[in-house]
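Tertiary structure, described
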Amino acid sequence: MQGLMRRTIGPTFRSGQGQRGHRADRHRRLRHPSTMSMGRRPMDLVAYVERTRSGPCFVCAFRTGDPGYSHGTVLEDADHVAFLDRWPTVPGKVLVAPKAHVEHAVRDLGEEAYLRLMIFVREIALAVETVFEPERTYLYPLGSRQGNAHLHWHVAPLPGGVPYAEQQFPALMTENGVLPLPPDQASETATRLREALTARGVAEEGQPLFWQ
């Protein structure tokens, strides 16, 4: 993919450098990590933004079988679906969404529906933690009325050993690159997650895609 160029920022704090210079250098390192952790590659952000703003709803297109919006399904029930992120920034990143086209977590969901969605998110997060044993699992919804409007939660496991300056927002931002996810790796990841869900009794063996 074309787009971002890797930037390497090494330690620059030296004897005699003022506190202001140290803060500025720390800010640069936080924005541009010294390494593209885990083999991240640049992403064409211009094309991505155009796709999100002018294309169909990515969740609805995925659910109707649009080949341009395919994802590896991890689990679904009557109201929710969990699937692999096509452009993950950390290994094992999963998206969770209600099947209905809901755009606002507060106004568009009643209390019962919201709690059921969050229980579903938690089950996916527990499976992700079983498989990937992360240092921290980030759970967050993103999107905008102007693009990616369909409500969806990100389940992002932070691998152990990532330097502190590259955790949290730097670990999640596509501006810092994305991980390649070839079909065979996606299939293996989805299978391992379904096995973890089956072991928890969430997905039934032989029918691992559905949570009844």
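What comes next concerns the included structure. Every value quoted in this text rests on a predicted model; they were computed, and no experiment measured them.

1. Quick word on the nonpolar core
Of all hydrophobic cores here, the largest spans 27 residues; its most connected members are V94, V96 and I124. Take this core: its biggest share by element is eight residues, from helix α4 (residues 111-132). What I124 contacts, discounting residues up to four positions off in sequence, is V74, L75, A82, V94, V96, V155 and L197. Judged by nonpolar contacts, the second largest core, of nine residues, contains F58, A61, Y69 and A97.

2. Let's talk about the packing of α4 against helix α6 (residues 183-199)
At their nearest, the axes of α4 and α6 sit 9 Å apart, and the two run at 110 degrees to each other. The angle between the axes of α4 and α6 places the two elements in the roughly perpendicular class. Helix-helix and strand crossings are classified by hand; for α4 and α6 the assignment is right-handed. Here E123, I124, A127, V128, T130, V131 and F132 of α4 come into contact with α6, specifically with T189, R192, L193, A196 and L197. Counted by class, the contact of α4 with α6 contains eight nonpolar, two polar and two charged residues.

3. Describing unusual backbone geometry
Backbone geometry places E133, a non-glycine residue, at a positive phi of 45 degrees. Here E133 lies in the loop between α4 and β4 (136-144).

The rules behind each value
- Residues numbered from 1 in each chain as written.
- Predicted model: local features only at pLDDT ≥ 70, side-chain atom pairs only at ≥ 80, totals over all residues.
- Heavy atoms only, no water.
- Core = buried A, V, L, I, M, F, W, Y, C linked by side-chain atoms within 4.5 Å.
- Buried < 20%, exposed > 50% of the residue type's maximum accessible area, 1.4 Å probe, protein only.
- Helix = DSSP H or I, 4+ residues; strand = E, 2+ residues; numbered from the N terminus.
- Contact = heavy atoms within 4.5 Å.
- Axes fitted to C-alpha atoms, helices over the stretch in contact; angles between N-to-C directions.
- Parallel < 35°, antiparallel > 145°, perpendicular 65-115°, else oblique.
- Left-handed = near helix turned anticlockwise from the far one by under 90°.
- Nonpolar A, V, L, I, M, F, W, Y, C, P; charged D, E, K, R; others polar.

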